[in-house]
Amino acid sequence: MITVGVTAFQGAVEEHLVAVERALHHLGREGRAVPLRKTLGDVDALIVPGGESTTISALMQKTGMWREILDRAEELPVMGTCAGCILLATEVVDDQVPTLGLMDMAVERNAFGRQNQSFQCMLEVAGFSDPVPGIFIRAPLIRRVGRDCQVLAAMDQGMVMARCRNKLALVFHPELTEDVRIHQYFLNMVED
Amino acid sequence: MPLDLDLEGLMYGTELVKRGFAKMQKGGVIMDVTTPKEAITAEEAGAVAVMALERVPADIRTAGGVARMADPKIIRDIMDAVSIPVMAKCRIGHIAEARILESIGVDMIDESEVLTPADPFFHIWKHDFTTPFVCGARDLGEALRRIHEGAAMIRTKGEAGTGNIVEAVRHRRMILRQIRELRDKDENELMEVARKIEAPFDLAKETAKRQRLPVVDFAAGGIATPADAALMMQLGNDGVFVGSGIFKSANPSKMAKAIVDAVANYDDPAALAEISRGLGKAMPGTNIDEIPQGERLQERGW
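As the structure is a prediction and not an experimental result, all values here were calculated from the model.

*Asks:* Give a description of the sheet that holds strand 8 (residues 132-136) of chain A that names residues and reports values.
*Replies:* The three strands are arranged 8(A)-7(A)-1(B) in an open sheet whose pairing can be described as antiparallel. The open sheet has two free edges, formed respectively by strand 8 of chain A together with strand 1 (11-12) of chain B, since each of these has just one partner strand. In the sheet, strand 7 (residues 119-123) of chain A pairs with strand 1 of chain B via two bridges, with the strands oriented antiparallel. Following the sheet pairing, phenylalanine 119 of chain A is matched in strand 1 of chain B by tyrosine 12 of chain B. Together, strand 7 and strand 8 of chain A together with strand 1 of chain B form the strand contacts of helix 1 (residues 15-23) of chain B, whose direction differs from that of strand 7 of chain A by roughly 115 degrees.

Written out as structure tokens, the structure is:
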């Protein structure tokens, strides 16, 4: 039985809760997904969803959750998508937004441009037999990763998915599609 | 939605991408601003986006005459000042204004009743655009007609520029009741309702099944205090637009932060009490029955 928390300050929270429940079902694992607004509780894994990174960062810092996540930085598996990816990074290129810094990487906000440059495509991901749908919304790009990080997907423009031990960062939105393989991949990083 | 299997193919402006943008705004506050300085205040307060305007609705109401799209220079200056998304308004049915806003690169277009309508027959066919649209609605039929035309997000119309929440609540209550009334209806009965409320059948059916609007659904029009914002969230809205409520208050920066906090803590009365303390004067309010029938903005559009 695992409990996956989704930080619920702002953004696509509901979509991640649904995707986790479906991924657990596909894997035949017992577990649940819970929205987190004040504390981390006893979650076994954490998802930081997409939304506005400036807003999520500001709201999260006002609760004790920011400190709780940092206290469990070593052992807690965390997945960040889009804004969540920015919050995981140790460095944000040309920007001041405060981050948790759980993954040694540099991320550039809105790297593709504004909403008119947002797109969807099929993406090759290392270790996946078939491409996964990628929805990129005012997406960031991963510009640099540390030595113990593994790049799982990249496009001509730059890196879009990376893993560093028990941390997973994606600049796109798997929660906006019916395809839950990326959530399954993350759940496989979480021990019972 | 079928996805192109071509690995090189990047598809722009799809429904998934447009509705996805709106989903990233959920749980957030979108603030009306008229200058780069106000936009920075909004961003620092935690706004998820700003609406770039020449005048806030309260001033549009006072000025009278024909209200049009803002000067592109004002919009561009605001886009340059902040990193969060920037939205702008065009007149109902004004395809040319909408194309101008798209070419400037605003992140979302509000086809808004706050401006004077340009087309007496049609709203914009929004599927033709790469930029997503948000539109106002007073009831379920109006909301589903806008979604059918391609709106990626719906907001209540409320009564903009009044600082009076009653019309936003009226529209939200109306939509909630009409969604609830769709429950447990068979296809024939759904067809009957769809015809009555002048909504496309497929969207009525999807709404009946999901028991919510098929797109992100914000509150707008009259939100003036943190408690107003919390009320709309308690009524099930996904987030709020605040127009005149912030920069017509005595302390805009404080009010902006308080409304952001209120949306994040909408179901925690003790937190709301703390958030609402000592904010200074809210914007002055207007009673709806003091506004002559023909001057009510919510009656624009159909």
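*Asks:* Give a detailed account of the side chain of arginine 29 of chain A, specifying residues and quantitative values.
*Replies:* All names here are of chain A. Structurally, arginine 29 can be placed in the loop between helix 1 (13-27) and strand 2 (31-36). One polar contact links the side chain of arginine 29 to the main-chain carbonyl oxygen of leucine 187, over a distance of 2.7 Å. Setting aside anything within four residues of it in sequence, one finds arginine 29 in contact with Ile2, Leu24, Leu187, Asn188, Val190, Glu191 and Asp192.

*Asks:* I'd like a description of the interface of chain B and chain A, backed by residues and values.
*Replies:* Facing the 43 residues of chain B at the interface are 39 residues of chain A. Interface area, chain B with chain A, both sides summed: about 3300 Å², of which 54% is carbon and sulfur. A salt bridge links aspartate 267 of chain B to arginine 37 of chain A; its shortest N-O distance comes to 3.1 Å. The element best represented in the side of chain B that touches chain A is helix 1 of chain B, accounting for six residues. Here the side of chain B that touches chain A is built from residues that sort into 21 nonpolar, 13 polar and nine charged.

*Asks:* I'd love a proper account of the sheet that holds strand 9 (residues 240-242) of chain B, names of residues and values included.
*Replies:* All names here are of chain B. Overall, parallel pairing links the eight strands, which are arranged 8-7-6-5-4-3-2-9 in an open sheet. Looking at strand neighbours, the two that pair on one side only are strand 8 (216-218) and strand 9, the edges of this open sheet. Strand-to-strand, the axes of this sheet are offset by a mean angle of 30 degrees, without reference to chain direction. Direction of pairing for strand 4 (residues 86-91) relative to strand 5 (residues 108-112): parallel, over a ladder of five bridges.

Rules used throughout
- Residues numbered from 1 in each chain as written.
- Chains lettered and ligands numbered in written order.
- Predicted model: local features only at pLDDT ≥ 70, side-chain atom pairs only at ≥ 80, totals over all residues.
- Heavy atoms only, no water.
- Pairing = 2+ DSSP bridges.
- Helix = DSSP H or I, 4+ residues; strand = E, 2+ residues; numbered from the N terminus.
- Contact = heavy atoms within 4.5 Å.
- Axes fitted to C-alpha atoms, helices over the stretch in contact; angles between N-to-C directions.
- Polar contact = N/O pair within 3.5 Å; in protein donor to acceptor, adjacent residues only side chain to side chain.
- Buried area = accessible area lost by both parts, 1.4 Å probe.
- Salt bridge = Lys/Arg side-chain N within 4 Å of Asp/Glu carboxyl O.
- Nonpolar A, V, L, I, M, F, W, Y, C, P; charged D, E, K, R; others polar.

These figures come from the coordinates and say nothing about function on their own.
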